[in-house]
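Understanding the architecture of this molecule
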Amino acid sequence: MADFPSALAQGMESEEYWIDPMLTSRARGGGFKGRRLQSAKKRGFTVRLNKLTPDERATLETFYDANRATTFNFAWNDSLTDVWIVAFADRDAITWRRAGPDIWDADVRLEEA
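Given the structure is predicted, the values throughout are model-derived calculations rather than measurements.

Let us now look at the nonpolar core. Leu49, Val108 and Leu110 are the most contacted members of the largest nonpolar core, which totals 19 residues. Elements that contribute at least two residues to this core include exactly strand S4 (42-52), helix H1 (54-67), strand S5 (72-75), strand S6 (83-88) and strand S8 (103-112). Per-element tally for this core: the top contributor is S4, with four residues. Among all residues touching Leu49, those that are not within four sequence positions of it are Phe4, Leu8, Ala9, Gln10, Leu60, Trp104, Asp105, Ala106 and Val108.

Written out as structure tokens, the structure is:
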């Protein structure tokens, strides 16, 4: 199993959050209706990568292309001893922002597998 590139430094603005396992909606008569999608809540991560060089951006894009449809190991910056098995989020997995000439910031969305 691949490892998320450790050479890409996680920014302090990175976030960890819970993904609710329930899909909720309103029934025809207005009553609340819920359906469990998985047995337990899972973690999600928005990893902020700041000031990426062209080589670092290429590293992330290559890793994404190679691991888009699989799971991989991810060491969260809060606890580098805890490794999570994650996958890229289904939509908007990577959001790019221009930070200067040939410099980019990226938000990478990961979900616990």
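Attention now goes to the packing of aromatic side chains. This structure, assessed with the given rule, holds eleven aromatic pairs. Arranged with centres 4.8 Å apart and planes meeting at 70°, the rings of Tyr64 and Phe88 form a pair that is edge-to-face. With Tyr64 in helix H1 and Phe88 in strand S6, this residue pair connects regions lying 24 residues apart in the sequence. Residue classification places Phe88 among the buried residues on the basis of a relative accessible area of 3%. Aromatic pair Phe72 and Phe88: ring centres 5.0 Å apart, planes at 50°, arrangement tilted. In this pair, Phe72 sits in strand S5 while Phe88 sits in strand S6, placing the two residues 16 residues apart along the sequence. Accessibility classification places Phe72 together with Phe88 in one group, the buried group. Among the aromatic residues, ring-to-ring pairing joins Phe4, Phe45, Phe63, Tyr64, Phe72, Phe74, Trp76, Trp84 and Phe88 into one connected group.

Quick notes on the rules
Residues numbered from 1 in each chain as written. Predicted model: local features only at pLDDT ≥ 70, side-chain atom pairs only at ≥ 80, totals over all residues. Heavy atoms only, no water. Core = buried A, V, L, I, M, F, W, Y, C linked by side-chain atoms within 4.5 Å. Buried < 20%, exposed > 50% of the residue type's maximum accessible area, 1.4 Å probe, protein only. Helix = DSSP H or I, 4+ residues; strand = E, 2+ residues; numbered from the N terminus. Contact = heavy atoms within 4.5 Å. Phe/Tyr/Trp six-rings, centres within 6.5 Å; stacked < 30°, edge-to-face > 60°.

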